[in-house]
Amino acid sequence: MNEKTSASRSFPRRVSDALLDLLFPRECLIYGGAPGDSPYRFLSKRGRSTLKFIGDDCCPACGAPRAGIISEHGECVCCRDRKFRFGRSRSLVVFDVYASRLVHAVKYRAVHAAAEDFAKIATESESFSAYLTGATLVPVPLFTLRENKRGYNQSRIFAEALAKYIPRSRVENLLVRTRDTGTQTLLSAASRRINVRNAFCVPEKLKARVEPKTRYVIVDDVFTTGSTLNECARALKKAGANAVDAATFAHG
Ligand SMILES: [Zn+2]
């Protein structure tokens, strides 16, 4: 668990930690209660052990754990007939009831500091960390009005936390959402695709920052059908990017 910016906890860092404890008391977001001697702010050791890490043995397209039926080309059944605009996607953990408690805490309860725990956990997976090393992380954007209402974008918070811990990674907010696509939660896979089609772009003023030789990794909290990530990849490639992959905290 290496933080790029400071190897040891300096005095100012200890003070800011104490302030954080005061403002956002430590608790395990999975099991509740104090996390005890856990190295994480919002995850007990028991909670950490509950998360199901996906690792390298996953679908080469969407990163799903290799539990379902695999096609002759190696993709999972969901990807067999799909061609994504991103090269591949990787997720750190399975999106089960436990991982969803962490994701929802960042997304709806504004427990932003929990994203730091996500990033720390990401560095504990050698393959996931290697996958992101040296990449330019591009968060999936919210529609401006939605972000203003919520006050933050959880994907950006996750990307920024990752960039603190993953070597030679950085965040570039290159994408905007051109319309409010609402929540995708209740939509079928086909409806999701239609709903987000061409919903993202790289604004004119940012196009000069897209470098053909840079490897971009679009970051979101959860991979569901891949439709949103697919459209983000489409927009980045249209603006001149060549190498575009995706990464999410959870897959489900
Ligand atoms: Zn797949």
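Reading the values: rules and limits
Residues numbered from 1 in each chain as written. Predicted model: local features only at pLDDT ≥ 70, side-chain atom pairs only at ≥ 80, totals over all residues. Heavy atoms only, no water. Domains from an automatic or database assignment. Contact = heavy atoms within 4.5 Å. Buried area = accessible area lost by both parts, 1.4 Å probe. Salt bridge = Lys/Arg side-chain N within 4 Å of Asp/Glu carboxyl O. Polar contact = N/O pair within 3.5 Å; in protein donor to acceptor, adjacent residues only side chain to side chain. Nonpolar A, V, L, I, M, F, W, Y, C, P; charged D, E, K, R; others polar. Helix = DSSP H or I, 4+ residues; strand = E, 2+ residues; numbered from the N terminus. Buried < 20%, exposed > 50% of the residue type's maximum accessible area, 1.4 Å probe, protein only. Pairing = 2+ DSSP bridges. Axes fitted to C-alpha atoms, helices over the stretch in contact; angles between N-to-C directions.

Caption draft 1: The arrangement of the domain arrangement of the chain in detail. Assigned domains within the chain: domain 1 (12-50) and domain 2 (52-251). Computed over C-alpha atoms, the centres of domain 1 and domain 2 are 25 Å apart. Tallying the contact residues gives twelve residues for domain 1 and 16 residues for domain 2. Carbon and sulfur atoms make up 60% of the area that domain 1 and domain 2 hide from each other, which totals about 1,300 Å². Here domain 1 is connected to domain 2 by one salt bridge. R48 is the partner of E124 in a salt bridge, and the nearest nitrogen-oxygen pair spans 2.8 Å. Linking domain 1 with domain 2 are six residue pairs in polar contact (both at pLDDT 80 or more), by the criterion used here. Class assignment for the residues of the side of domain 1 that touches domain 2 results in seven nonpolar, one polar and four charged.

Caption draft 2: Quick peek at the pattern of salt bridges. Using the criterion set out here, one finds 14 salt bridges in the structure. Taking the shortest distance from any N to any O, the salt bridge between D245 and R215 comes out at 2.8 Å. Of this pair, D245 sits in strand β7 (residues 243-251) while R215 sits in strand β6 (residues 215-223), and the two are 30 residues apart along the sequence. Here D245 falls in the buried class, since its relative accessible area comes to 13%. Residue classification places R215 among the partly exposed residues on the basis of a relative accessible area of 24%. With a shortest N-O distance of 2.9 Å, E231 and R234 are connected by a salt bridge. Of the two residues, E231 and R234 are both situated in helix α9 (residues 227-238); the distance of three residues between them amounts to about one turn of the helix. For the pair E231 and R234, one class covers both residues: buried. Here the residues in one salt-bridge network are R170, E172 and R209, joined through shared partners.

Caption draft 3: Seen up close, the environment of L29. Relative to the elements of secondary structure, L29 occurs in the loop between α1 (11-23) and α2 (45-50). Looking at L29, the relative accessible area reads 8%, which means it is buried. For L29, the contacting residues outside a window of four places in its chain are F42, R101, L102, A105, R109, V111 and A114.

Caption draft 4: Here's a closer look at the sheet that holds β7. Taken in spatial order, the five strands make up an open sheet running β1-β7-β6-β2-β3, and their pairing is parallel. Each having just a single partner strand, β1 (89-94) and β3 (170-171) make up the two edges of the open sheet. Alignment of strand β2 (residues 136-139) against β3, held across two bridges, turns out to be parallel. Counterpart to L137 in the pairing with β3 is V171. The sheet strands contacting helix α7 (residues 154-165) are β2, β3, β6 and β7, and the helix crosses β6 at an angle near 125°. In the packing of α9 onto the sheet, the strands contacted are β1, β2, β6 and β7, and the crossing angle to β6 comes to about 160°.

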